[in-house]
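Here's the letter readout for the chains.
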Amino acid sequence: MRKIRFLSVSALSMFENQPNKFFMCRLADKLLPRDPQNLAAAAGTAFDIEIKKELAKGLNLGSKVKNRFCTLPWPQPHNKYRTLNDLFLDSIEVQNRIPEIMEIGKKLFHIYIKSDLYHRTTFCDIECRSLFNLKVKVSGQEKCVPLYAILDAIANSNYPLDFKVAGYGSGASPKQNYFCAYDEMGIPYKRDKWIKNKDISFQDIDESWATQGCVYGWSIGKKLFVPFPFEVHAIFIGKPKKDGTRSIIICGYHGIITEEFQKMVALRLLKAWAIINTGGDDTPWAKEELFCEMMAYQERWF
């Protein structure tokens, strides 16, 4: 059985929701191959490339971002990437670097930077990579979990901001509780649905997003169990219409990562790390590796 160096939000999610897949992909002596990147994920990454290139240029962060890429979590030679585009392109698997994907990334980028949501945001930093230790006192003893996080951006008064793209494949509708929303022409979308209370608990918007925001905040130095704001800029691509066109809606979400939610996330991480490192009867994966592998293939569908 292998040892892992750290946990991430995605690793925690797999541990909790696909435990057999987690074991076979992270801990087994003979690892299962990684799932190939799907086109929907590639489309979101293509947008990330365009917006981060723009922000890196505007903030003069090129060398800083490159240094982060080549340092964490696995050091690489700095001459591996000639340009920021080469560096970011590494995030899209080779089979997905097709014109359709790169063009949708550029299209979403141009729609986003014309929106009021983009122009009302003051960006401070991008592509913040961090390997750090979460330290929590439990019953008088200090427990530690090594964590790795990649935060899309830091914005406004030093709070974490994440970009998301949903619906490239089958279509998606905006989540509720957005504080602003615009269509691809920059026209306000369903203004009567905009919420005025930006201090909403972020888990009431989306719990998985809030879990990400929690770890992202800690990674940039937010004090443990002290509430802080988190923001998501999400682009939703609708289902194809009869004429073949698809709606594109840009939404801004802003909320608070509360003390209670941070405690819950910290306990989830502590529990996962303890089980991963001690094993025993508490392991959520099958005890026999052959059966575990069979279950892992079934869990790929969830």
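Criteria and cut-off values
- Residues numbered from 1 in each chain as written.
- Predicted model: local features only at pLDDT ≥ 70, side-chain atom pairs only at ≥ 80, totals over all residues.
- Heavy atoms only, no water.
- Helix = DSSP H or I, 4+ residues; strand = E, 2+ residues; numbered from the N terminus.
- Rg over C-alpha atoms; globule rule 2.2 N^0.38 Å.
- Buried < 20%, exposed > 50% of the residue type's maximum accessible area, 1.4 Å probe, protein only.
- Areas by Shrake-Rupley, 256 points an atom, 1.4 Å probe, with all protein chains shown as cover.
- Lys, Arg positive; Asp, Glu negative; His and termini not counted.
- Charge placed at Lys NZ, Arg CZ, Asp CG, Glu CD.
- Polar contact = N/O pair within 3.5 Å; in protein donor to acceptor, adjacent residues only side chain to side chain.
- Contact = heavy atoms within 4.5 Å.
- Salt bridge = Lys/Arg side-chain N within 4 Å of Asp/Glu carboxyl O.

### Digging into the overall build of the chain
A tally of regular secondary structure across the chain gives 10 helices and six strands. For the chain, whose C-alpha radius of gyration is 20 Å, the value lies close to the compact-globule estimate of 19 Å for 302 residues. Taking the principal axes of the C-alpha coordinates as reference, the chain spans close to 55 × 45 × 45 Å. Residues counted as buried form 48% of the 302 residues belonging to the chain. Of the accessible surface of the chain, which amounts to about 15,800 Å², a share of 52% is contributed by carbon and sulfur atoms. For the chain, the distance from the average position of its 42 positive side-chain charges to the average position of its 34 negative side-chain charges is 3 Å.

### Describing the side chain of His254
Structurally, His254 is set in strand 6 (residues 248-257). For His254, a relative accessible area of 8% translates into the label buried. A polar contact of 2.6 Å, which involves the side chain of His254, links it to the side chain of Glu231. Apart from the residues within four sequence positions on either side, His254 is in contact with Tyr159, Phe179, Lys198, Ile200, Phe202, Ile205, Pro229, Phe230 and Glu231.

### Overview of helix 1 (residues 9-17)
Every buried residue of helix 1 is listed here: Val9, Ala11, Leu12, Met14 and Phe15. Tucked into the core, helix 1 has its buried residues touching helix 2 (19-27), helix 8 (207-219) and helix 9 (259-278).

### Considering the pattern of salt bridges
One pass over the full model with this rule turns up 13 salt bridges. With a shortest N-O distance of 3.8 Å, Lys53 and Glu50 are connected by a salt bridge. One end of the pair, Lys53, and the other, Glu50, are both in helix 3 (residues 39-59), three residues apart, so they sit about a helical turn from each other. Judged by its relative accessible area of 26%, Lys53 falls in the partly exposed class. Judged by its relative accessible area of 12%, Glu50 is buried. Two residues, Lys64 and Asp125, come together in a salt bridge whose shortest N-O distance is 3.6 Å. Here Lys64, found in helix 4 (residues 62-71), pairs with Asp125, found in strand 1 (residues 123-138); they are 61 residues apart in sequence, far enough to count as distant. Judged by relative accessible area, Lys64 falls into the partly exposed class, the value being 40%.

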